[in-house]
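Here is what each chain is made of, one letter per residue.
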Amino acid sequence: MLSVRDLHKFYGPFHAVRGISFDVAREEIVGFLGPNGAGKTTTMKIITGYMAMSGGEVTVAGHDVVSDSLAVREEIGYLPEHAPLYGDMTVEEYLNFMAGMRGLDGRRRKERLEYVISVCSLAPKRNKLIKTLSKGYRQRVGLGQAIVHDPKLVILDEPTIGLDPNQIIEIRELLKEIGAKNTVLLSSHILSEVEATCARVIVVDEGRIVANGSPSELEARYAEDAAYDVVFTGAGLPTIEEIRALEEVAQASETVRAGERLEVRVEGRDGADLVGALARLAGERGSRLLEASRKKTTLEDVFRRLTGGKVRLGDAPSEAPDAVSAVAADGTLEDDAQ
Ligand code: ATP
């Protein structure tokens, strides 16, 4: 359904997207996860045809986004990070207007309008002006316009940003409904968001993909790197600096130090006898290692490791091809095209 190959984007000299490649199959819900500035919005804008790429190839349902952009727009529904809603229209007027913009008319337009109002639970607000709606309802209107023409691929940029916890739960339910019938690519920098809605996660950082798999695959892949929660007791507790100085320790942080008890979260280096080294250190300082329990790896650990600059997964990122550099050299600074 969606194929992205070696995508690059420069903003002037700044290389924001650095050779991203991935596929999304029919009826998949894929989460695009990454910290602020990772390149998620830029990639989505290029896929939707709202922004020009600097290099690479993107096809949607077999149509090339550059040479066949009109066909691509018909196949895509897009909810940008800041959905451009018309505040002085009622919900119904706006959705009807957007259905018209998407080329629907007659009975089909009426049917799709009613479907969207129903699936997005907008019936109680259909005659209200958009500017009077809460953020949660506005987001539903935004989602409604994204699916009104029954697109094959729905692209949602941070669909729950700025919503309160109750609204987030409601929008997640709606996303699941949308995901049951459509292929969805959804961006977020909130992990629980992606975990709750997506079967597959693509993690991006600094313009590159650093992981691609189901949450459980990623957790399993990183399980060996799991941290230990360690407890020392006794009068001679080691300092956190002494723990960090052990060659078996990759990193350590102190969680509790009270009286004769010290709790530390420690990550070992691959293949090292971490627990043995900690026990020896405790003995040397006059305390003992009371407990060392392996912490279960969560998707959050994976995300933190991948985007914290410690681990970089996958193929070595290729340098930008010369053709791409040439685009950068002309210094074009692109605004958000709408
Ligand atoms: P966020 O979660 O904050 O929305 P993101 O992953 O969507 O982040 P992008 O918005 O794609 O990231 O931005 C990627 C990088 O490109 C950032 O460093 C950003 O500052 C830069 N950038 C984005 N738009 C422009 C622009 N129009 N001109 C120059 N630089 C830009």
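Residues numbered from 1 in each chain as written. Predicted model: local features only at pLDDT ≥ 70, side-chain atom pairs only at ≥ 80, totals over all residues. Heavy atoms only, no water.

**Q** Any chance you could explain the overall build of the chain here in plain terms?
**A** Of regular secondary structure, the chain possesses 12 helices and 14 strands. Burial statistics for the chain: of 338 residues in total, 49% are counted as buried. Contacts in the chain between residues far apart in sequence, at least 24 positions, make up 69% of those at least 6 positions apart. Split by element, the accessible area of the chain, about 15900 Å² in all, is 49% carbon and sulfur. (Helix = DSSP H or I, 4+ residues; strand = E, 2+ residues; numbered from the N terminus. Buried < 20%, exposed > 50% of the residue type's maximum accessible area, 1.4 Å probe, protein only. Contact = heavy atoms within 4.5 Å. Areas by Shrake-Rupley, 256 points an atom, 1.4 Å probe, with all protein chains shown as cover.)

**Q** Please explain the sheet that holds strand S2 (residues 14–24) as it appears in this structure.
**A** Strand-to-strand pairing in sheets goes through backbone hydrogen bonds, with the strands running parallel or antiparallel. With antiparallel pairing, 4 strands are arranged side by side in an open sheet as S2-S1-S4-S5. With partners counted over all chains shown, the strands left at the sheet margins are S2 and strand S5 (63–64), one partner each. As paired elements, strand S1 (residues 2–11) and strand S4 (residues 55–60) share 5 bridges and run antiparallel to each other. Directly across from Leu 2, in S4, lies its bridge partner Val 60. Most of the contacts of helix H1 (residues 40–47) go to S1, to which it runs at about 120 degrees, and overall it touches S1, S2 and S4. (Pairing = 2+ DSSP bridges. Axes fitted to C-alpha atoms, helices over the stretch in contact; angles between N-to-C directions.)

**Q** It is not clear to me how the pattern of salt bridges should be interpreted in this structure. Could you clarify?
**A** Once their charged atoms are close, side chains differing in charge can pair, the charge on each being opposite to the other. Summed over the entire model, instances satisfying the criterion amount to 14 salt bridges. A salt bridge links Glu 114 to Lys 110; the nearest nitrogen and oxygen atoms lie 3.3 Å apart. One end of the pair, Glu 114, and the other, Lys 110, are both in helix H4 (residues 106–119), 4 residues apart, so they sit about a helical turn from each other. When salt bridges with common partners are traced through the structure, they connect Glu 92, Lys 110, Glu 114 and Arg 126 into a single cluster. (Salt bridge = Lys/Arg side-chain N within 4 Å of Asp/Glu carboxyl O.)

**Q** Help me out: how do you make sense of the packing of aromatic side chains in this one?
**A** Each aromatic ring pair is specified by the distance between its two centres and by the angle formed by the two planes. Scanning the model with the defined rule gives 4 aromatic pairs in all. On the numbers, 5.4 Å between centres and 45 degrees between planes, the contact of Phe 22 with Phe 32 is tilted. Here Phe 22 is found in strand S2, whereas its partner Phe 32 is found in strand S3 (residues 29–33), with 10 residues between them in sequence. Through a chain of ring-to-ring contacts, three or more aromatic side chains come together here, namely Tyr 86, Tyr 94 and Phe 97. The side chain of Arg 73 reaches across the aromatic face of Tyr 50, ending 4.8 Å from its centre. A cation over an aromatic ring shows up here: Lys 125 above the ring of Tyr 137, its NZ or CZ 5.0 Å from the ring centre. (Phe/Tyr/Trp six-rings, centres within 6.5 Å; stacked < 30°, edge-to-face > 60°. Lys NZ or Arg CZ within 6 Å of the ring centre and 35° of its normal.)

**Q** Would you explain the environment of Ala 292 in this entry?
**A** The residue Ala 292 is located in strand S14 (residues 287–294) in this model. According to the relative accessible area criterion, Ala 292 is partly exposed, its value standing at 29%. Through-space distance from the C-alpha of Ala 292 to that of Val 231 is 6.5 Å; in sequence the pair is 61 residues apart.

**Q** Please explain the site of the ligand as it appears in this structure.
**A** Gly 37, Gly 39, Lys 40, Thr 41 and Thr 42 are the nearest of the 15 residues found near the ligand. Note that an oxygen atom of the ligand is positioned 2.7 Å from one of the backbone N or O atoms of Gly 37. A distance of 2.9 Å separates an oxygen atom of the ligand from a polar backbone atom of Gly 39. The fraction of the free accessible surface of the ligand (630 Å²) that becomes covered by protein chains is 71%. Secondary structure elements with two or more residues in the shell around the ligand: S2 and H1. With 3 residues, the single largest contributor to the shell around the ligand is H1. Grouping the amino acids of the shell around the ligand by side-chain chemistry returns 5 nonpolar, 5 polar and 5 charged. (Near = heavy atom within 4 Å. Polar contact = N/O pair within 3.5 Å; in protein donor to acceptor, adjacent residues only side chain to side chain. Nonpolar A, V, L, I, M, F, W, Y, C, P; charged D, E, K, R; others polar.)

**Q** Is there a simple way to think about the packing of helix H5 (residues 135–147) against helix H6 (residues 165–181) in this case?
**A** Helix-helix packing is characterised by the crossing angle of the two axes and by the distance between the axes. Across the interface, H5 lies against H6 with an axial gap of 10 Å and an inter-helix angle of 15 degrees. It follows that H5 is roughly parallel to H6 by the angle criterion. Read as a crossing pair, H5 and H6 show a hand that is right-handed. Contacts from Lys 135, Gly 136, Gln 139, Arg 140, Leu 143 and Ile 147 of H5 reach H6 at Gln 167, Glu 170, Ile 171, Leu 174, Leu 175 and Ile 178. Residues that form the contact of H5 with H6 fall into these classes: 6 nonpolar, 3 polar and 3 charged. (Parallel < 35°, antiparallel > 145°, perpendicular 65-115°, else oblique. Left-handed = near helix turned anticlockwise from the far one by under 90°.)

**Q** What is the right way to read unusual backbone geometry from this model?
**A** Only a minority of non-glycine residues have a phi that is not negative, and only a minority of peptide bonds are not trans. Backbone geometry at Asp 6 places phi at a positive 45 degrees, although glycine is not the residue there. For Asp 6, the location among the structural elements is in strand S1. Here Asp 6 falls in the partly exposed class, since its relative accessible area comes to 30%. Notably, Asp 150 is not glycine yet its phi reads approximately 55 degrees, a positive angle. Mapped onto the fold, Asp 150 is located in the loop between H5 and strand S7 (153–157).

**Q** Looking at this model, I keep getting lost on the nonpolar core. Mind explaining?
**A** Nonpolar side chains tend to gather and get buried jointly when the protein is soluble and globular. Membership of the largest hydrophobic core comes to 44 residues, with the highest contact counts inside it found for Leu 95, Val 141, Leu 143, Leu 156 and Val 203. Dropping the residues within four chain positions of it, Val 141 is found in contact with Leu 85, Val 91, Tyr 94, Leu 95, Leu 122, Ile 130 and Leu 133. In this structure, Val 4, Met 51, Val 58 and Ile 155 belong to the second largest nonpolar core, which totals 28 residues. (Core = buried A, V, L, I, M, F, W, Y, C linked by side-chain atoms within 4.5 Å.)

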